[in-house]
Amino acid sequence: MTLTVRLNHRLPAFTLDVAFDAPAGVTALFGRSGSGKTTVVNAVAGLLRPDHGLITAQGITLYDGKTNLPPHRRRMGYVFQEARLFPHLTVRANLKYGAFFARTSADYDEIITLLGIEPLLGRRPGALSGGEKQRVAIGRALMSNPLILLMDEPLAALDDPRKAEILPYIERLRDRAIPVLYVSHSVAEITRIARSVVVLDQGRVLRQGPVAQIFADPALSTYLGPREAGSVLQARIAAHEHDGLTRLDTATGPIWLPQIDAALGTRVRIRIAAQDVLLSRIRPEGLSALNILPATVATVTQTDATSALIQLHLGTDLLLARITRRSAEALTLQPGTPVHAILKTVAIAPGDIGGT
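These figures come from a predicted structure and were not determined experimentally.

Visitor: Any details on the sheet that holds strand β18 (residues 317-324)? Residues and values, ideally.
Guide: Sheet strands line up and pair through hydrogen bonds in the backbone, either parallel or antiparallel. The antiparallel open sheet is built from five strands, whose spatial order is β15-β19-β16-β17-β18. Of all the strands in the sheet, just β15 (277-280) and β18 have a single pairing partner and so form its edges. Direction aside, the axes of adjacent strands within the sheet are offset by 45° on average. With four bridges joining them, β15 and strand β19 (residues 338-343) adopt antiparallel strand pairing. Bridge pairing in β19 places S280 opposite H340.

See the structure below:
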């Protein structure tokens, strides 16, 4: 279940030249505005004919120069920034419209349950919130039983509460058998929902690979900017404690976060900003910080005249810490140096915690 994309297309600002494979689950196209993300998605959907290239979906050739299937024959589900629901139809009728284009019937009940839209079926779009509209739009796309689901910044028009409402439902798409190509310029969104990421810059692939590996790469920090640089840890919910904190087990020890509304044993991913990590050569005592994890320095990268990014191994996970060059020199940090990473419990926002 793979989407293969090889594209070369001249645009006014640059020549788009990209190549990547998107497996089942969510693959994010990430980059600044104007980097070519939407152009790639439109080419996959058949809304743009590239100058040269190859696009295949689950072994079916959609475009190779000779073959160029029209959009209605590509079996693509497309979710835009705005829901674009038919205002005169109920939610149920909007979903059935999507099913009209399916070659084989999609599982209506499964999709309704997946997106939590059963209470909405009798309403019209005008009576829905922005997050509800987007859930229905995703449902309509899935009802067409697509080979690929394309999502072009589906949360861009929503405020933070509506984003928080819909993100758990998008996370559920990772477990479906079809590839999802998800366009965004939000690091927080991508690190929460995507399994793999393709980073675009001026029409070219800057980096591609698993989310946790790519965003913990110090070489990407210049592109992201100092406030966005960070990493993703994997953890398992071990206990909900009496004082309102949740204990999570990571590869090298426990951490505590404000209570997470999930069952014991649930695996989660946590985005941690590099600027929220402190380092110590010895395990510190007498600190208010609860989260102190043993780690090993992987790389030391000087990012500017005053700062350094320290990439750490925490078992099989990678963690980034941004500290001053003076601190890095005082600690004599180099690859292989054992350290302790200190994470402030309150520095991690609820929106930076998602399912795996």
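Visitor: Can you explain the sheet that holds strand β20 (residues 353-355)? Please cite residues and give values.
Guide: Sheet architecture is open: five strands sit in the order β13-β12-β11-β14-β20, paired in antiparallel fashion. Looking at which strands have only one partner, the edges of the open sheet turn out to be β13 (253-258) and β20. Taken over all neighbouring pairs, the strand axes of this sheet differ in orientation by 40° on average, direction set aside. Both strand β11 (residues 230-240) and strand β14 (residues 267-273) contribute to a ladder of seven bridges, which runs antiparallel. Within β14, the position partnered with S231 by the bridge is I272.

Visitor: Can you break down the packing of helix α4 (residues 130-143) against helix α5 (residues 160-172) residue by residue, with the values?
Guide: Two numbers describe how α4 lies on α5: the axes approach to 8 Å, and their chain directions differ by 25°. On the basis of the axis angle, α4 is roughly parallel to α5. The crossing of α4 and α5 is right-handed. Contacts from G130, G131, E132, Q134, R135 and I138 of α4 reach α5 at R162, E165, I166, Y169 and I170. Classifying every residue of the contact of α4 with α5 by side-chain character gives four nonpolar, three polar and four charged.

Visitor: Now, about the environment of P12: what can you tell me, with residues and values included?
Guide: Mapping P12 onto the fold places it in the loop between β1 (3-10) and β2 (15-22). Residue classification places P12 among the exposed residues on the basis of a relative accessible area of 91%.

Visitor: If you had to explain the environment of V26 to someone new, which residues and values would you point to?
Guide: Looking at the secondary structure, you find V26 in strand β3 (residues 25-30). By relative accessible area, V26 is classed as buried at 1%. For the pair V26 and D243, spaced 217 residues apart in sequence, the C-alpha separation works out to 36 Å. When residues no more than four places from it in sequence are discounted, the contact partners of V26 are R174, V180, Y182, I193, A194, R195 and S196.

Visitor: I'd love a proper account of the packing of aromatic side chains, names of residues and values included.
Guide: Taken as a whole and judged by the stated rule, the model has four aromatic pairs. Taking the centre distance of 6.4 Å and the plane angle of 80° together, the rings of F30 and Y223 count as edge-to-face. Of this pair, F30 sits in strand β3 while Y223 sits in helix α8 (residues 221-224), placing them 193 residues apart in sequence. Note on accessibility: F30 and Y223 belong to one class, buried. Each residue in the set F30, F215 and Y223 is aromatic and connected to the rest through ring pairs, giving one cluster. The ring of F80 is capped by R84, whose NZ or CZ atom sits 4.0 Å from the centre of that ring. A cation over an aromatic ring shows up here: R135 above the ring of Y169, its NZ or CZ 4.5 Å from the ring centre.

Here is what the cut-offs are and how they apply
Residues numbered from 1 in each chain as written. Predicted model: local features only at pLDDT ≥ 70, side-chain atom pairs only at ≥ 80, totals over all residues. Heavy atoms only, no water. Pairing = 2+ DSSP bridges. Helix = DSSP H or I, 4+ residues; strand = E, 2+ residues; numbered from the N terminus. Axes fitted to C-alpha atoms, helices over the stretch in contact; angles between N-to-C directions. Parallel < 35°, antiparallel > 145°, perpendicular 65-115°, else oblique. Left-handed = near helix turned anticlockwise from the far one by under 90°. Contact = heavy atoms within 4.5 Å. Nonpolar A, V, L, I, M, F, W, Y, C, P; charged D, E, K, R; others polar. Buried < 20%, exposed > 50% of the residue type's maximum accessible area, 1.4 Å probe, protein only. Phe/Tyr/Trp six-rings, centres within 6.5 Å; stacked < 30°, edge-to-face > 60°. Lys NZ or Arg CZ within 6 Å of the ring centre and 35° of its normal.

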